[in-house]
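One-letter residues, chain by chain:
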Amino acid sequence: MDFDSIQTAKLIDVPNEETIHAYYDTARVPIKYLPEENEETDIYLVVEVMPEFPNGLKALFDFIYDNLKYPSDALEKEIQGRVMVGVVIDENGSVTQPKILKSISPSLDKEALRIVSIMPKWKAGKLNGVPVKVKMSFPVIFKLPNDDNALKTDSLIESIEE
């Protein structure tokens with residue numbers, strides 16, 4: 001058998017570490033499946049107890065509203081909307097790995113990331129009673145000050161739940 005012509009497959013995570021056979025270009029090749037070692041293997045999307053901002057969802061939007069500094073260039077250009085922010089809430093409840101998932105403008109994105117950077121610790125998510133890292137996302141809503149419902153927390157929560 002000519003081993004130089006055999007291509008290798010990427011190792012993937014499988015619950016058990018049995019040796020099984022995979023078919024690649026009609027060659028029968030035994031492959032040992034092992035978990036990948038990277039820092040994202042222990043970040044969950046859904047857990048038994050999801051992370052929670054101190055005092056709940058309303059308190060999260062109150063925090064955002066109280067700390068929001070509308071960028072002057074966005075005010076002048078009358079830019080408004082939702083910036084979606086993704087974060088990881090770690091085992092200690094710290095907000096880490098902030099990332100813009102949906103952008104409106106660079107200045108609004110920067111302000112959304114600034115707000116995330118000053119957030120207090122959350123209640124950590126738990127899986128089987130053990131705190132774990134959990135990926136979360138939430139909007140930072142920018143509404144122009146002359147809008148009648150601008151930045152009223154209850155109306156923001158209602159618009160998100162729709």
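Bear in mind that the values here come from a model prediction, so they are computed numbers and not experimental data.

Engineer: Sorry, what's going on with the packing of aromatic side chains here?
Structural biologist: Each aromatic ring pair is described using two quantities: the centre-to-centre distance and the angle formed by the ring planes. Here the structure, examined in full by the defined rule, presents four aromatic pairs. Both rings, one in F53 and one in W122, keep their centres 5.6 Å apart while their planes meet at 90°; by these two values the pair is edge-to-face. Here W122 lies in the loop between helix 3 (106-117) and strand 6 (125-127) and F53 lies in the loop between strand 3 (43-44) and helix 1 (57-67), a separation of 69 residues in the sequence. When its relative accessible area of 6% is taken as the criterion, F53 is described as buried. Taken together, a centroid distance of 5.6 Å and an interplanar angle of 85° make the contact between Y70 and F142 edge-to-face. Within this pair, whereas Y70 is found in the loop between helix 1 and helix 2 (72-76), its partner F142 is found in strand 7 (residues 130-142), the two being separated by 72 residues in sequence. Accessibility assignment for this pair places Y70 and F142 in one class, buried. Through a chain of ring-to-ring contacts, three or more aromatic side chains come together here, namely F53, F63, W122 and F138.

The rules behind each value
- Residues numbered from 1 in each chain as written.
- Predicted model: local features only at pLDDT ≥ 70, side-chain atom pairs only at ≥ 80, totals over all residues.
- Heavy atoms only, no water.
- Phe/Tyr/Trp six-rings, centres within 6.5 Å; stacked < 30°, edge-to-face > 60°.
- Helix = DSSP H or I, 4+ residues; strand = E, 2+ residues; numbered from the N terminus.
- Buried < 20%, exposed > 50% of the residue type's maximum accessible area, 1.4 Å probe, protein only.

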